[in-house]
Every structure is written in C-alpha cells, then in structure tokens.
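Overview (structure and organization)
What follows is each chain in one-letter form.
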Amino acid sequence: MKLALTKYWLVLASLAFVPAALAEPPMQYLEGVEYVRIPTPQPVVTGDKIEVREIFMYACPHCFSFEPKLNAWLKQKPKNAELVRQPALFNPSLEPHARAYYTFETLGVLDKVHSDFFKAYHEKGQKLLDENSIAKFAAAHGVNEQRFRETYKSFAVDNLVRQALRQVPAYGVDSVPSIIVDGKYRTNGTFAGGNDRLMDVVNFLVKKAALERKSKR
C-alpha cells in the first residue's frame, strides 16, 4: 500500500511541472551564445507565420555554400515558418546584385534563377557586376531582356533597395549569411558553432517566437 501511494504522489508531482514545460521551448540554446536579441524588434511581412529572414550576398562564398543547407531546411521547415530572403547592402558596390535579386523577385522568376546566379558567380567566374552583364545572364535564362532592364531601373526596385539599406543596419547584421527570426532574434554560423548547426538554432527560435506570440494573445 505504501509503495502504491508513493507512486501516486510521484505521478501527481510530475504532472505539476507539465504546464511549465509547455510554456517555453527546451533550453537547448542560450541568448548571447547561439543567438542575440535585436534591441528594437523589426516588423515582419509573413502575417501569422514566423518570419525567417536570410540576409545574404550573391558575392559571398559563405552564402553560396550555405544555400544547399537552407534549401534542405525549406523541404522540412516548421509549418508555421516562412522564409524571406533579403540581400545585404553594406556598401554601394553591392547594389547591382541587390537590384538583380529584387528584379528577379518582381518579375516572378526568382525560383528559376536564384541558384544559377550563385553558381554563375562562384563556379563559372561570371562576375555579373553591372546591369549589362546581369541583363545578359537573365536573357540566357529566358527572361525578356528589355523587360528585365526596365524593371531593374524601376521605381519599385528603387524602393526595395532603399528599404534594404535601412533594414539591414536595424537588424544589427555585420556578416552574412545571417538569419533573423520573427524580427527580433539574430543568429549566424559563428553564433551557432558552424553553418551545419545554424538551422537547428533557427528551428529553436521559431518555436520560441511562436510561444511568445501565443502568450500575447
């Protein structure tokens, strides 16, 4: 009888901790170690989904080598997460690549050319540093060259480039690739202990951000 009562109280005691365990994600990763909090949270564009924003540069070899890992994550990402890509603009020389990205996105051909642009730059030696070379690349991938050039210089793309110039410093990004989760947490390969672990940290932050949103309802 005493043994049975002991087991009964142990079960009750363990159940008392269930709500606390559900209230926050497992403490696998620590703020200030694998990720940092952005002092001023930034708006997100993904609605009810948790925004996972990759800050990247086409010219960055680390971003190029990270692409397969990011693409693998996309195939099995949390259902409540959505990826947003954003080119980094640390200096004016990076503007042509940022314009290329936003032009591809505006024309609806990003999925078709994004990976090939990376490969052309890093594997094939095509520097693609100005409008003419990028327009030729686009044309070789079935994009109407005149339409590409018009969009590349359009007000819509101008506005997106200006927005990127403001946003990247607001996230506190000083290296790429970096990942911003829900506009308030930043991590990268250095924080995570390597790009192989980066998306594990991102998944943790997605859970954390989702629980924080839920607690505010």
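Below is a short write-up of the structure.

About the cut-offs
Within any chain, residue numbers begin from 1 and follow the written order of that chain's sequence. Since the coordinates come from a predicted model, pLDDT governs what is reported: local features require at least 70, and pairs of side-chain atoms require 80 or more to be given and counted, while whole-chain, interface and lining totals use all residues. Side-chain numbers come from the whole structure's heavy atoms, not from hydrogens or water. Counting from the N terminus, the helices are the DSSP runs of H or I reaching at least four residues and the strands are the DSSP runs of E reaching at least two. Exposure categories follow from relative accessible area, calculated using a 1.4 Å probe and restricted to protein chains: below 20% of the type maximum is buried, above 50% is exposed, and the middle band is partly exposed. What makes two residues a contact is simply this: any of their non-hydrogen atoms within 4.5 Å. All accessible areas in this document rest on Shrake-Rupley with a 1.4 Å probe, and a residue is counted as covered only by the protein chains that are shown. An expected span of 1.5 Å times one less than the residue number is assigned to each helix. One side-chain nitrogen of Lys or Arg within 4 Å of one carboxyl oxygen of Asp or Glu is enough to make a salt bridge. Under this scheme, a helix contributes an axis fitted over its contacting stretch, all axes are lines through C-alpha atoms, and angles between N-to-C directions fall in the 0 to 180 degree range. Note that the term roughly parallel is reserved for angles under 35 degrees, roughly antiparallel for angles over 145, roughly perpendicular for angles of 65 to 115, and oblique for everything else. Should the near helix be turned counterclockwise from the far one by less than a right angle, the crossing is left-handed, whereas a clockwise turn marks it as right-handed. Each residue gets one of three labels, nonpolar for Ala, Val, Leu, Ile, Met, Phe, Trp, Tyr, Cys and Pro, charged for Asp, Glu, Lys and Arg, and polar for the others, Gly among them. Among the buried residues, those of types Ala, Val, Leu, Ile, Met, Phe, Trp, Tyr and Cys that are joined through side-chain atoms within 4.5 Å form a nonpolar core. The criterion for strand pairing is that DSSP finds at least two bridges linking the strands in question. The arc under discussion is defined with respect to the helix axis, by the directions toward the C-beta atoms. For this analysis, a polar contact is any N or O atom pair within 3.5 Å, provided that within protein one partner can donate a hydrogen and the other can accept it, and provided that sequence-adjacent residues contribute only side-chain to side-chain pairs.

1. Some details on the overall build of the protein
When helices and strands are counted, the protein shows 10 helices and 5 strands. Across the 217 residues of the protein, 44% fall into the buried class. Taking as baseline every contact in the protein between residues at least 6 positions apart, the subset at least 24 positions apart corresponds to 72%. Total accessible area computed for the protein in this model is approximately 12,000 Å², and 56% of it derives from carbon and sulfur atoms.

2. A short note on helix α8 (residues 155-171)
With 17 residues, α8 should reach 24 Å at 1.5 Å per residue; the first-to-last C-alpha distance of 25 Å fits that figure. Packed against the buried residues of α8 are β2 (50-56), β3 (81-87), α4 (95-107), α7 (145-152), β4 (178-181) and β5 (185-188). Looking one or two places after α8, you find G172, whose phi comes out positive at around 75°.

3. Overview of the pattern of salt bridges
Taken as a whole and judged by the stated rule, the model has 14 salt bridges. Among the ionic pairs, E145 bridges to K136, the shortest N-O distance being 3.5 Å. Within this structure, E131, K136, E145, R149 and K153 form a network of salt bridges that share partners.

4. Some remarks on the packing of helix α6 (residues 131-140) against α7
In the contact formed by α6 and α7, the axes pass within 9 Å of each other and the chain directions differ by 135°. Classified by the angle between their axes, α6 and α7 sit oblique to one another. Crossing geometry of α6 relative to α7 is assigned as right-handed. Taking contact as the criterion, the partners of E131, N132, I134, A135, K136, A138 and A139 in α6 are, on α7, E145, F148, R149 and Y152. Counted by class, the contact of α6 with α7 contains 6 nonpolar, 1 polar and 4 charged residues.

5. A closer look at the nonpolar core
With 39 residues, the main nonpolar core has I55, Y58, F104, F117, I134, F148 and V176 as its most contacted residues. Those elements that provide at least two residues to this core are β2, α3 (61-76), α4, α5 (110-122), α6, α7 and α8. Ranked by residue count, the leading element in this core is α4, at 6 residues. With sequence-adjacent residues up to four places away left out, I134 is seen in contact with P96, H97, A100, F104, F117, L128, F148 and Y152. Formed by 21 residues, the second largest nonpolar core is a distinct cluster that contains V52, V181, L198 and V201.

6. Quick notes on the sheet that holds β3
Ordered by their spatial adjacency, 5 strands build an open sheet running β1-β5-β4-β2-β3, and the pairing between neighbours is mixed. At either margin of the open sheet sits one strand with a lone partner, and together these are β1 (36-37) and β3. Pairing analysis gives 4 bridges linking β4 to β5, with the strands arranged antiparallel. In the strand pairing of β5, I179 is matched with T187. Across the face of the sheet, α8 comes into contact with β2, β3, β4 and β5 while running at roughly 115° to β3.

7. Description of the environment of Y101
With respect to the helices and strands, Y101 occurs in helix α4. Classification of Y101 by relative accessible area gives buried; the value is 1%. C-alpha of Y101 to C-alpha of P87: the two residues are 14 residues apart in sequence and 7.3 Å apart in space. In contact with Y101, other than residues within four places in its own chain, are F56, Y58, R85, P87, L110 and H114.

8. Thoughts on α7
Residues F148, R149, T151 and Y152 constitute the buried set of α7. Along the axis of α7, the buried positions cluster into a sector of 165°, meaning they face one direction only. The secondary structure elements touched by the buried residues of α7 are α4, α6 and α8. Capping of α7 at its N-terminal end is provided by N144; its side-chain oxygen lies 3.1 Å from the backbone amide nitrogen of Q146.

9. Digging into the environment of E82
Relative to the helices and strands, E82 is located in strand β3. Remark: the alpha-carbon pair of E82 and V206, spanning 124 residues in sequence, is separated by 9.9 Å. The residues touching E82, leaving out its near neighbours within four places in the chain, are T46, K49, I50, E51 and V52.

Function cannot be inferred from these measures alone, as they are strictly geometric.
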